[in-house]
Each structure stands twice: as structure tokens, then as C-alpha cells.
Amino acid sequence: MSSQNIPAKKDLDPYVLDLAQFNELCKQKTNEIDYPLAHSIEKNIPIYEGDELRVSIDLNTGQNYKDEFSHILEKGPGIIIIKNFFENKNDVDKMSQVFDDLLQKQGKGTGDHFAKEGANGRIWNVFEKSALHDSSTFIQYYKNPLLDLVAQSWLGPNYQVTTQLNVIYPNGKEQQPHRDFHLGFQENDEIKKYPLHIQKMSQHLTLQGGVAHVDIPLDSGPTQLLPFSHQYDLGYLAWRDPAFIEYFKEHHVQLPMEKGDAIFFNPALFHAGGENKTKNINRSVNLLQISSAFSKTMETVDLYKIILNIYPRLLELYKNDLIEARDLDTILTASCDAYSFPTNLDTDSPLGSMAPQTAKDLSHEALIQNWNYSKFKEKLLEHKIRRQS
């Protein structure tokens, strides 16, 4: 066949941005009928009441909320707010004191992906740092059963928690609108190396969230949010585009939060920290970045160090029946590697199952069998060595 008879391939760029298509997605409205468990819907964002979620867990009906959250995060507006995420605000205050102690030791911290360096108070890996600073406060804070409920709704079991403190001081400026980890932290030339199906898939690997550690009225700059924007396939390439930035500035919404409230959203959602226009509010939020068991986390967290440090207090609570089974599972998931892989299958071979014992399983066994600290430390170190290459 002559080459002249072969149809010419169309030279189409699959990465042409389309603001009109983006606008059509963002013009959607949240329908109350779709989310009957929501306490209310404000500015297209479903609002839930923490007390009602806790009752659902007690009644073993939490799966209904998981299903609703999953739909919101993927096919709905992409955001949920939970009022009274912490039943006891004292738990938040105690962790705030830990944050203050850590900030005094390190200063404001350095680096903010989407704001001027040094403008905000930032503690990277505050999850591990708080566990080592005050194990009792860490346990009380992260055993919150609502954390497990929301995380499992998007990521399933065996997720990994990482957190970063972000404090926007009075007169602190707003962030640039953006998407988040994974591909939100890559330049466009790098993003284009990933096929579009991978770009779309990446949003399912992470859940973004934040817990308000102070009351956050509108003038203090609560997170700017653009409902439904996560549904735009090319969003990881679009958020730096001037036309999309301008669209975000014109159409984003904000909702006030109270101390102990929490927000969770799809990492592909266009969002930005707001400007703090107050003179006396340090807008303090514990940023939650929760990763699927199948994902790489943004931060390196030494989970062996965390569980070893909190084990004595955890054993005390367990022996005296001061921690419920659901809360124990939540804190062990957060503070241990709860997934079997990667490992060294030569030295950490599965026995009687398809997968080797996890650090979470080992820690649970230690509590049940009342191992003292020395024995637990010995067994945990053996576990760590078995998994090394």
C-alpha cells in the first residue's frame, strides 16, 4: 500500500485546557436528596454533625455515612465538614499546647508550598513530633473514631496518617489556589509524563483534611474551596493557569469553622488558605494528609518510634479498660504500619496466611498478652529487622 493512502494522524494535544468545561462542572449544585444524612448543605458543601456520627458508630450504622462520604468525595462537591469532630474540646486544647511547645522550640518553621516562606507558622511531621512530645495527648487525640470512619470511606483500611500544623497569623496573606499531593506538588512538565488515567487515579490515593484548633470566622481566612472542581480531568495541569486562577478567585466559597470542627476534601479539589484579616486570631489548623495503604506518603514518619514511645501509656489504658476496642483499633492504625508490604519475604515470610504480620498486629498482640515495655521493644525491633532488605 502506498504511504499516500495511509490517513494522516491528527496531531491533537490531549492537554488543551478548557475553561468552559471547567465552568460547567463547577456550576453544579449539591442536591439534598443525594445526601440525606447531612445535617445541612451550605454553599454546596454538606455539613455533618459529629454527635450523630458517633451514634451511628455505636449502632453499627457507620457504613451509611461511609457510602455518603465516598459519593461526595468522588462524584459530588468533593468536600465535607463535620461539626464537633472532637466531642471533647479539651482534647483539642491539649494538642494545641503541644503545638505551642513545639513551635517555641523550632520557631515558625520553613517552607510552605503555596505561600510565602516564613509567613506562616508551620510544623512538618507534627504527627510524629507530637507523639514523641506527649504520648497521652497524642493517644487521646488520634483515637477519635470519626477519623477512622472518614478515612476508611475514601481509602479503606490500613491507611497512614501524616499531619502538618499550619498557623496563619494576623494579616497573613492567602495562598495560591492549588491541588494537593501527589501530582499537585509536581511541575506541569513532570505531570505530563504521567498518563491521564494515572493523573485521575492519583486523587484516590490521598484524603486531605484539617481540624480547627481555634474558632475560624470568615475574616480570619478559612480555606477557600471550589466545589466540584476535582472533577476536571486536567486539573493538575490547570491550577497554575492564570485564567483558572482568576476563575477560582471569582467563584470560591468559604465557611466559618469552630474549634473542634473538621473539614475533609478530595486532594484534586481547587483550594487555598484564606487571608487572615483579623488583628488578634492566629488561625491554627492541624492539616491531615491521610494516605492509602497503596500510596507513598509525602512525609517520612518513623512509625516504629511512635508506637514504641506511646506503648507504655497504651498498655496502661488497655489493662484498666480505659480504651474501647474501636478507639484502640483507630490509634493502632494511625501509629503503626498496618499494611504487610513492602517487606523482605526471605526473612519475613507469611505463616498461615498470604501476608506477613504487620506492626499493628504485633502491637495488638503485645497488649492482649500484657508484654512489658522491654519485651515489646525486643519483639518490635525483631519485626523491623525482618522487614529490611
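These figures come from a predicted structure and were not determined experimentally.

What counts and how
- Residues numbered from 1 in each chain as written.
- Predicted model: local features only at pLDDT ≥ 70, side-chain atom pairs only at ≥ 80, totals over all residues.
- Heavy atoms only, no water.
- Pairing = 2+ DSSP bridges.
- Helix = DSSP H or I, 4+ residues; strand = E, 2+ residues; numbered from the N terminus.
- Axes fitted to C-alpha atoms, helices over the stretch in contact; angles between N-to-C directions.
- Contact = heavy atoms within 4.5 Å.
- Phe/Tyr/Trp six-rings, centres within 6.5 Å; stacked < 30°, edge-to-face > 60°.
- Buried < 20%, exposed > 50% of the residue type's maximum accessible area, 1.4 Å probe, protein only.
- Lys NZ or Arg CZ within 6 Å of the ring centre and 35° of its normal.

(A) Fine view of the sheet that holds strand E1 (residues 40-42). Taken together, eight strands build an open sheet; the order of strands is E1-E2-E3-E8-E6-E10-E5-E4 and the sheet is mixed. Among the strands making up the open sheet, the edge pair consists of E1 and strand E4 (121-123). Averaged over all neighbouring strand pairs, the angle between strand axes comes to 25°, with direction disregarded. Bridge analysis of strand E5 (residues 160-168) against strand E10 (residues 283-291) gives nine bridges, and the strand direction is antiparallel. Its bridge partner being in E10, Gln160 is matched across the sheet by Ser291. Running at roughly 95° to E4, helix H4 (residues 89-106) makes contact with E4, E5, strand E6 (206-212) and E10 of the sheet. Along the sheet, helix H5 (residues 126-133) makes contact with E4, E5 and E10, crossing E5 at roughly 95°.

(B) Focus on the packing of aromatic side chains. Tallied over the entire structure, the rule returns 19 aromatic pairs. Taking the centre distance of 4.6 Å and the plane angle of 35° together, the rings of Phe86 and Tyr141 count as tilted. One end of the pair, Phe86, is in the loop between strand E3 (79-83) and H4; the other, Tyr141, is in helix H6 (residues 135-142), and 55 residues separate them in sequence. In this structure, Phe86 and Tyr141 share a single accessibility class: buried. By way of ring pairs, the aromatic residues Phe85, Phe86, Phe127, Phe138, Tyr141, Tyr142 and Phe264 are connected into one cluster. Lying over the aromatic face of Trp124, Arg122 brings its terminal NZ or CZ to 4.6 Å of the ring centre. Against the face of Tyr236 rests Arg179, its NZ or CZ located 4.6 Å from the ring centre.

Remember that the coordinates give geometry; whether it matters functionally is a separate question.
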